[in-house]
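# Survey of secondary and tertiary structure
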Amino acid sequence: MDIYGTYRQTMDKVMQDLADRIRAGGNPSGHDKLYEHLSCRIKSDESAREKLRRKGLEESTENALLKLKDTIGLRIVCRFVDDVYECVRLIRELPGLRVVKEKDYIHDAKPNGYRSYHMVIEVTVDEEDVAGNNPGHYFAEIQLRTIAMDTWAALEHELKYKKDISNQEMIVRELRRCANDLAACDISMQTLRKLILS
Ligand code: 0O2
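Being a predicted model, the structure only gives us computed values, none of them experimental.

### Thoughts on the overall build of the protein
A count of helices and strands for the protein gives six helices and five strands. Its helices and strands in sequence order give the protein the pattern α-β-α-α-β-α-β-β-β-α-α, from N to C terminus. Counting only C-alpha atoms and orienting by the principal axes, one finds that the protein spans roughly 50 × 50 × 25 Å. Across the 198 residues of the protein, 41% fall into the buried class. When contacts within the protein are restricted to residue pairs at least 6 apart in sequence, long-range pairs at least 24 apart make up 65% of them. In the structure as shown, the protein presents an accessible area of about 11,400 Å², 51% of it carried by carbon and sulfur atoms.

### Overview of the site of the ligand
Lining the immediate environment of the ligand, one finds 17 residues, of which Lys43, Lys103, Lys110, Asn112 and Glu156 sit closest. In the environment of the ligand, an oxygen atom lies 3.5 Å from a nitrogen or oxygen atom belonging to the side chain of Asp70. Every element with two or more residues in the shell around the ligand is listed here: strand E3 (97–104) and helix H5 (147–160). With four residues, H5 is the largest single contributor of residues to the shell around the ligand. Structurally, the shell around the ligand is a two-domain feature, drawing no fewer than three residues from each of domain 1 (5–147) and domain 2 (152–197).

### Side note on the pairing of strand E4 (residues 117–125)
Looking down a regular strand, the side chains alternate between one sheet face and the other. The buried count for E4 comes to eight of nine residues, which makes it a mostly enclosed element. As paired elements, E3 and E4 share seven bridges and run antiparallel to each other. Residue pairing for E4: Leu97 is matched across the bridge by Val123. Where E4 meets strand E5 (residues 136–146), nine bridges bridge the pair, whose relative direction is antiparallel. When the bridges of E5 are listed, Ile121 appears paired with Ala140.

### Focus: the nonpolar core
Ranked by internal contacts, the top residues of the largest apolar core, which has 42 residues, are Ile22, Ile72, Leu74, Ile76, Ile142 and Leu144. Secondary-structure elements contributing two or more residues to this core are helix H1 (8–26), strand E1 (37–42), helix H2 (45–54), helix H3 (61–66), strand E2 (72–78), helix H4 (81–92), E4 and E5. If we ignore the near neighbours within four places in the chain, the residues touching Leu144 are Ile76, Val84, Cys87, Val88, Ile91, Ile106, Ser116, Tyr117 and Met119.

### Details of the packing of aromatic side chains
According to the stated counting rule, one finds two aromatic pairs in the structure shown. Between the aromatic rings of Tyr85 and Tyr117, the centroid separation amounts to 5.8 Å while the plane-to-plane angle is 80°, which identifies the pairing as edge-to-face. Of this pair, Tyr85 sits in helix H4 while Tyr117 sits in strand E4, placing them 32 residues apart in sequence. Tyr117 gets classed as buried once you look at its relative accessible area, which sits at 6%. Both rings, one in Tyr105 and one in Tyr114, keep their centres 5.9 Å apart while their planes meet at 65°; by these two values the pair is edge-to-face. The buried category is assigned to Tyr105, whose relative accessible area is 14%. Under the relative-accessibility criterion, Tyr114 is labelled buried at 12%.

### Details of the sheet that holds E4
Pairing in this open sheet of five strands is mixed, and the strands run E1-E2-E5-E4-E3 from one edge to the other. Because the sheet does not close on itself, it has two edges, and the strands there are E1 and E3. The sheet shows a mean angle of 20° between the axes of neighbouring strands, taken without regard to direction. Alignment of E2 against E5, held across six bridges, turns out to be parallel.

### A look at the side chain of Gln190
Within the secondary structure, Gln190 sits in helix H6 (residues 168–197). Given the relative accessible area of 7%, Gln190 is considered buried. A distance of 2.8 Å separates a polar side-chain atom of Gln190 from the backbone nitrogen of Asp82. Apart from residues lying up to four places away in sequence, Gln190 is in contact with Phe80, Val81 and Asp82.

Rules used in this analysis
Residues numbered from 1 in each chain as written. Predicted model: local features only at pLDDT ≥ 70, side-chain atom pairs only at ≥ 80, totals over all residues. Heavy atoms only, no water. Helix = DSSP H or I, 4+ residues; strand = E, 2+ residues; numbered from the N terminus. Buried < 20%, exposed > 50% of the residue type's maximum accessible area, 1.4 Å probe, protein only. Contact = heavy atoms within 4.5 Å. Areas by Shrake-Rupley, 256 points an atom, 1.4 Å probe, with all protein chains shown as cover. Near = heavy atom within 4 Å. Polar contact = N/O pair within 3.5 Å; in protein donor to acceptor, adjacent residues only side chain to side chain. Domains from an automatic or database assignment. Pairing = 2+ DSSP bridges. Core = buried A, V, L, I, M, F, W, Y, C linked by side-chain atoms within 4.5 Å. Phe/Tyr/Trp six-rings, centres within 6.5 Å; stacked < 30°, edge-to-face > 60°. Axes fitted to C-alpha atoms, helices over the stretch in contact; angles between N-to-C directions.

Structural measurements only, silent on function.
Have a look at this one:
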């Protein structure tokens, strides 16, 4: 059994239900799809344990479910920046969930160039949680970004794990430049769409 113990099944249920509801809202009939793709995952046992250790916390089911807010993760990739914010609005209005934390790394990019909109939400479900509540509460993190932001994050994530890169400084600088160029493209594409649709 993994670190999530008997709660794993409920986590899968919470994740699938959330994804289904976002898919339903993000595909309004007669309108363009709000997002390009949506993916979800439960953080692996190994990765959850590594994150708990990194935070100086004991590797327990309680800590995994209560202290890590991203064990249930959804990622929504949109074509345009406006669509990201439209999806955020849609998620805020879903019943049975409470937004606990939001970080707008699109408006305030990280120093390395990372851009994305992060939401931590608490979902209420008719199952017991690790604190013994029923209905129970489960946390999930939703990351929303454009295709351009997603491409950048995927590449940067890959490079993060290659520790023996020479020219590290130059690569970090170039990655930041690429992130800024892609952000400029996102703005141009958004403007073009407005022009085409007006
Ligand atoms: P993984 O493997 O993707 O799950 P937290 O670290 O979550 O406790 P914080 O500061 O609230 O605390 O997290 P933050 O910065 O809002 O974002 C956490 C997640 O966002 C990361 O999860 C990444 O998925 C993504 N992320 C944040 N910054 C970067 C970045 O600079 N580059 C890339 N590629 N992704 C980033 P994990 O758990 O680190 O990893």
